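Residues per chain are reported as follows:
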Amino acid sequence: MGVKTKRVLRALTTLVLALASVTSLSSQASAAGGRDERATFVNFWGRLDYEVHLPPSHRPGTPLPVLVALHGCDMTGYGDNSMKAMTRFNDLADARGFIVVYPTQNRLWNINGCWNGLLPGNQKRGSGEPSLLAGATQAVVARYGADAERVYAVGASAGAAMAVVLGVTYPDVYAAIGSLAGGEYAADRVILGGRDKVSPVDTAKLAYAEMGPRARQVPTFIMQGDADTTVEPVFGDRLVTHWAAIDDLARDGVLDGDVDDVADSRQRVVEPGAYPYVKTGYTDAGTGELLIEKYSVEGLGHRWPGGGEGAYADPIGPDLSTLVWDFFSGRSLP
């Protein structure tokens, strides 16, 4: 299938989803300078409420990138203890010119407000929460004339795990993904079977199988605090190995080392007002493309560094929101 054909099909899909099941709830000016609108996406699997932030640069006929920001447990997308307030993505969106989407979990589906990425029914394309999130994302793209080739998902904790699931189940929708304190696809197999018995390469093979004919290398941003006692640092290491194996398989269907978990670049950074961190990069041996970028932050707990307000915000840097957007910006679907 040619690139032009893929783009036409992508545009038709987003239009159909937009017409299918979106109900606008409200629109209001944002304190950040742009405009916020709330909507609901509905499909066979249920309903999903979300808020969209439109920067002042949003104009009809000017397609902007889209960032989907997924909250963690005991949080909301845009209400109390929100992803919106914690990340301050709205301020960055106004400055850089992109649209932000804040989905919020239905407490009837999870009393703690967690995304249910550990349930097998939520690890499949066209099923459960991934179908709702991808459907809402495509509806936003169609409704606001956004750039369907520059759509990204980033999450914190349970939201990070779901961002990984979206990268696997909808690699044709999300150009790149980001994870703070997250885990690999099919992490329930790891929890049930044990880390010593289920390797990140084992789960990578499951992810590659789920991708099917849509399999592609999905650029991945990873941040992990080395003082995180909720999600242990080893899960950040596993996530690197996991995505390296997926990217390796996506290249030619063979685990032959085209992409591996040996860092191709390494830099320790110490800046005033920020936790020290080690930044590592992992590239495709053939193309030289940077596919995985990991930040291991010294002294960071289960918090969003450089954050604004909320129970999981850490005012001490590095500024994660800016770092992840810098990784995303300029990347697009093939």
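Keep in mind the model is a prediction, meaning the values are calculated, not measured.

J.: Sorry if this is basic, but what is going on with the packing of helix α4 (residues 128-144) against helix α5 (residues 158-169) here?
T.: For any two helices packed against each other, the geometry comes down to the angle between their axes and how far apart the axes lie. At a minimum axis distance of 10 Å, the contact between α4 and α5 shows a crossing angle of 80 degrees. Between α4 and α5, the angle is such that the two are roughly perpendicular. Residues Glu129, Pro130 and Leu133 of α4 form the contact with α5, whose own contacting residues are Met162, Val165, Leu166 and Thr169. Along the lines of polarity and charge, the residues of the contact of α4 with α5 split into 5 nonpolar, 1 polar and 1 charged.

J.: Please explain the side chain of serine 82 as it appears in this structure.
T.: As for its position among the elements, serine 82 is in the loop between β4 (66-70) and α2 (83-87). Those residues within four positions of serine 82 in sequence are excluded, and the remaining contacts are Met75, Thr76, Gly77 and Glu309.

J.: What is the right way to look at the pattern of salt bridges in this model?
T.: Where charged atoms from two side chains of opposite charge come close, those side chains can pair. Within the structure shown, the criterion is met by 18 salt bridges. For aspartate 36, the salt bridge goes to lysine 84, with nearest N and O atoms at 3.1 Å. One end of the pair, aspartate 36, is in strand β2 (residues 35-43); the other, lysine 84, is in helix α2, with 48 residues separating them in the sequence. In this structure, lysine 84 engages glutamate 51 in a salt bridge whose closest nitrogen and oxygen atoms are separated by 2.7 Å. Of this pair, lysine 84 sits in helix α2 while glutamate 51 sits in strand β3 (residues 46-54), and the two are 33 residues apart along the sequence. Taken together, the salt bridges that share partners define one network made up of Asp36, Arg38, Glu51 and Lys84.

J.: Can you help me understand the nonpolar core in this one?
T.: Soluble, globular proteins show a tendency: their nonpolar side chains are buried together. Grouped together as the largest cluster of nonpolar side chains are 52 residues, with contacts concentrated most on Tyr50, Val66, Leu70, Ile99, Tyr174, Trp243 and Ile292. Counting residues per element, this core draws most heavily on α4, at 8 residues.

J.: Would you take a moment to explain the state of the cysteines for this structure?
T.: Disulfides are covalent bonds that connect the sulfur atoms of two cysteines. Counted by the stated rule, this structure contains 1 disulfide. A sulfur-sulfur separation of 2.0 Å characterises the disulfide bridge that pairs cysteine 73 with cysteine 114. A torsion of 125 degrees about the S-S bond marks the disulfide between cysteine 73 and cysteine 114 as right-handed. Taken together, the residues cysteine 73 in the loop between β4 and α2 and cysteine 114 in the loop between β5 (99-104) and α4 connect sequence positions 41 residues apart.

Rules and cut-offs
Residues numbered from 1 in each chain as written. Predicted model: local features only at pLDDT ≥ 70, side-chain atom pairs only at ≥ 80, totals over all residues. Heavy atoms only, no water. Axes fitted to C-alpha atoms, helices over the stretch in contact; angles between N-to-C directions. Helix = DSSP H or I, 4+ residues; strand = E, 2+ residues; numbered from the N terminus. Parallel < 35°, antiparallel > 145°, perpendicular 65-115°, else oblique. Contact = heavy atoms within 4.5 Å. Nonpolar A, V, L, I, M, F, W, Y, C, P; charged D, E, K, R; others polar. Salt bridge = Lys/Arg side-chain N within 4 Å of Asp/Glu carboxyl O. Core = buried A, V, L, I, M, F, W, Y, C linked by side-chain atoms within 4.5 Å. Buried < 20%, exposed > 50% of the residue type's maximum accessible area, 1.4 Å probe, protein only. Disulfide = S-S within 2.5 Å.

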